[in-house]
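As a plain string of letters, each chain reads:
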Amino acid sequence: MDKDLDNLLNAKSIQVKKLQEIVKKAIEDENLITNNLLNPPKELLTKGQSISDKVAKFGGSWAFIISFFIILVVWILFNTLTPIKDNFDPYPFILMNLILSCIAALQAPIIMMSQNRQEEKDRKRSENDYLINLKAELEINALNQKIDLILEEQIQSLFESQAAQLEILKKLEQKL
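The notes below deal with the structure included here. (Residues numbered from 1 in each chain as written. Predicted model: local features only at pLDDT ≥ 70, side-chain atom pairs only at ≥ 80, totals over all residues. Heavy atoms only, no water.)

### As for a nonpolar patch on the surface
Then comes step 1: A cluster of nonpolar side chains, Trp62, Ile65, Ile66, Phe69, Ile70, Val73, Val74, Leu77 and Leu81, forms an exposed patch at the surface whose accessible area comes to about 960 Å².
Then comes step 2: Tracing the backbone shows Ile70 in helix α3 (residues 62–81). (Patch = residues over 30% accessible without salt bridge, like charges linked within 9 Å, V, L, I, M, F, W, Y side chains within 5 Å. Areas by Shrake-Rupley, 256 points an atom, 1.4 Å probe, with all protein chains shown as cover. Salt bridge = Lys/Arg side-chain N within 4 Å of Asp/Glu carboxyl O. Helix = DSSP H or I, 4+ residues; strand = E, 2+ residues; numbered from the N terminus.)

What follows is the structure, encoded as structure tokens:
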């Protein structure tokens, strides 16, 4: 009986050691991923990048659209309703078209700069998402290994206890 108890305790300690190794490996893998996620590089903006972000933010807002629409309506009304001598841009509104073209020509590349920076942020965010998914996969694999190990040990102990019970039954049968 003492021998069986020692074997059972040794099997349990081996199982605990295997579980500890799995946990240690999972922790090491997790540290690599967690360090990348917890310490993202700081974004330092140049003055031009900051301005392009502000222009893009304002240029894509309702405030810009409404204010620009109001300016155009006032421009058109002023140049059509005032006497001809006071008009600074008569009916075909050539000056207004020139100003609109210049605004569009300047605003488009500035907005593109801001969008490129946003795309870079999105790329980094997707890399972080990938690392998080990888971490989850590692955790699932570690859990599967733990479950497999526990099942293997339980099956082994069931076989051993069944063998011990069979021996006891054989001994009882011989005594009878």
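### Let's talk about the packing of aromatic side chains
Then comes step 1: Under the definition given, this model contains five aromatic pairs.
Then comes step 2: Look at Phe64 and Phe68: their rings are 5.3 Å apart centre to centre, the planes differ by 20 degrees, and that puts the pair in the stacked class. In this pair, Phe64 and Phe68 are both assigned in helix α3, four residues apart and thus about one turn of the helix distant.
Then comes step 3: On the basis of relative accessible area, Phe64 is assigned to the buried category, the value being 15%.
Then comes step 4: When its relative accessible area of 22% is taken as the criterion, Phe68 is described as partly exposed.
Then comes step 5: Taken together, the ring pairs in this structure connect Phe58, Phe64 and Phe68 into an aromatic cluster. (Phe/Tyr/Trp six-rings, centres within 6.5 Å; stacked < 30°, edge-to-face > 60°. Buried < 20%, exposed > 50% of the residue type's maximum accessible area, 1.4 Å probe, protein only.)

### Re the pattern of salt bridges
Then comes step 1: One pass over the full model with this rule turns up four salt bridges.
Then comes step 2: In this structure, the salt-bridge partner of Asp53 is Arg117, at a minimum N-O distance of 2.3 Å. Pair noted here: Asp53 is in helix α2 (residues 47–59) and Arg117 is in helix α4 (residues 94–175), with a separation of 64 residues, a long-range link.
Then comes step 3: A residue is classified by how much of its surface remains accessible, and Asp53, at 22% relative accessible area, is partly exposed.
Then comes step 4: Classification of Arg117 as buried rests on a relative accessible area of 12%.
Then comes step 5: Across the salt bridge formed by Asp122 and Arg125, the nearest N and O atoms sit 3.0 Å from each other. On the criterion of helical spacing, the pair formed by Asp122 and Arg125 is a turn pair, its members being three residues apart in helix α4.
Then comes step 6: Take Arg125: its relative accessible area is 47%, and that puts it in the partly exposed class.

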